[in-house]
Structure formats: structure tokens, C-alpha cells
Amino acid sequence: MPAKFRAAEAIIEWHGTDDTTPPGHSIATGTDSLGTGYLWLFKGDEPTDEAFVGSILIPTRVGQMPVAYERGGGFAGTAPDTKAALARLADRATEK
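Residues numbered from 1 in each chain as written. Predicted model: local features only at pLDDT ≥ 70, side-chain atom pairs only at ≥ 80, totals over all residues. Heavy atoms only, no water.

*Asks:* Looking at this model, I keep getting lost on the sheet that holds strand β1 (residues 11–16). Mind explaining?
*Replies:* Note on sheets: strands pair through backbone hydrogen bonds, and any given pair is parallel or antiparallel. A sheet is described by the order of its strands in space; here six strands give the open sequence β1-β2-β3-β4-β5-β6, paired in antiparallel fashion. The outermost strands of the open sheet, each flanked by one partner alone, are β1 and β6 (75–78). Mean inter-strand twist for the sheet, computed between neighbouring axes without regard to direction, equals 25 degrees. Here seven bridges tie strand β2 (residues 25–31) to strand β3 (residues 37–43), and the two strands are oriented antiparallel to one another. Note on β3: the bridge partner recorded for Gly-30 is Tyr-38. The strands touched by helix α1 (residues 82–95) are β2, β3, β4 (52–57), β5 (67–70) and β6; relative to β4, the strand with the most contacts, the crossing angle is about 150 degrees. (Pairing = 2+ DSSP bridges. Helix = DSSP H or I, 4+ residues; strand = E, 2+ residues; numbered from the N terminus. Axes fitted to C-alpha atoms, helices over the stretch in contact; angles between N-to-C directions. Contact = heavy atoms within 4.5 Å.)

*Asks:* I keep staring at the environment of Arg-92 and nothing clicks. Help me out?
*Replies:* Structurally, Arg-92 is set in helix α1. You can call Arg-92 partly exposed: its relative accessible area is 30%. Considered as a pair, Arg-92 and Pro-23 are 69 residues apart in the sequence and their alpha carbons are 14 Å apart. Those residues within four positions of Arg-92 in sequence are excluded, and the remaining contacts are Glu-70, Phe-75 and Ala-76. (Buried < 20%, exposed > 50% of the residue type's maximum accessible area, 1.4 Å probe, protein only.)

*Asks:* Quick question: what am I supposed to make of the pattern of salt bridges here?
*Replies:* If charged atoms from side chains of opposite charge come close, those side chains can pair. Scanning the model with the defined rule gives two salt bridges in all. Between Glu-9 and Arg-6 there is a salt bridge, and its shortest N-O distance comes to 3.9 Å. Given a relative accessible area of 42%, Glu-9 falls into the partly exposed group. With relative accessibility at 36%, the residue Arg-6 sits in the partly exposed group. The shortest N-O distance in the salt bridge between Arg-92 and Glu-70 comes to 2.6 Å. Pair noted here: Arg-92 is in helix α1 and Glu-70 is in strand β5, with a separation of 22 residues, a long-range link. (Salt bridge = Lys/Arg side-chain N within 4 Å of Asp/Glu carboxyl O.)

So, to be careful, I would describe these as geometric facts and stop short of saying anything about function.
Rendered as C-alpha cells:
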């Protein structure tokens, strides 16, 4: 499923933290092997396959809501904004 993260197939354009990043996590933006834009969430400081928590499909149209996917690629819901989607992914990962 394309929502999964595989370091060998991803092009990371930026990695770090900002005001949307949940505590203890880092984020990265880039594209998957199909050229689809994602925001990926990682536990800790490194964008590795093992640290991957989930992803958000980057909206391509004005008014489109972020769509979140869990580590395994399963649908994790929509959110009103990126910060809320990242928080949802971090919370869901700690529940498992």
C-alpha cells in the first residue's frame, strides 16, 4: 500500500520538527515511489523504517482535508488540519 513508508523507495525532501510535531517525534516531507506527496511521522529523531508511525497524504486542492494512514497503511481518518492529523497518528500508535 503506498501509504506505508519504505526508506529505500522514498524521496525525503525535509526532515525535522516544527510546531505541528508531537513531542518525542519528528516529521519528514517527500514523495513515495509513485510520486505521491506525504508527510511522514517518526518516533524519535531519525526517519527510518523502524521509527515510522504513520503518514498523511498531502492535500492537493484547497479545502481538502488531510488523510492519515497508520504504520501498516490502514486508514486512520481525516482531520481538520495537519497538526490534528499528526496528533491522531501519535495517539493511535501509543494505544497499540
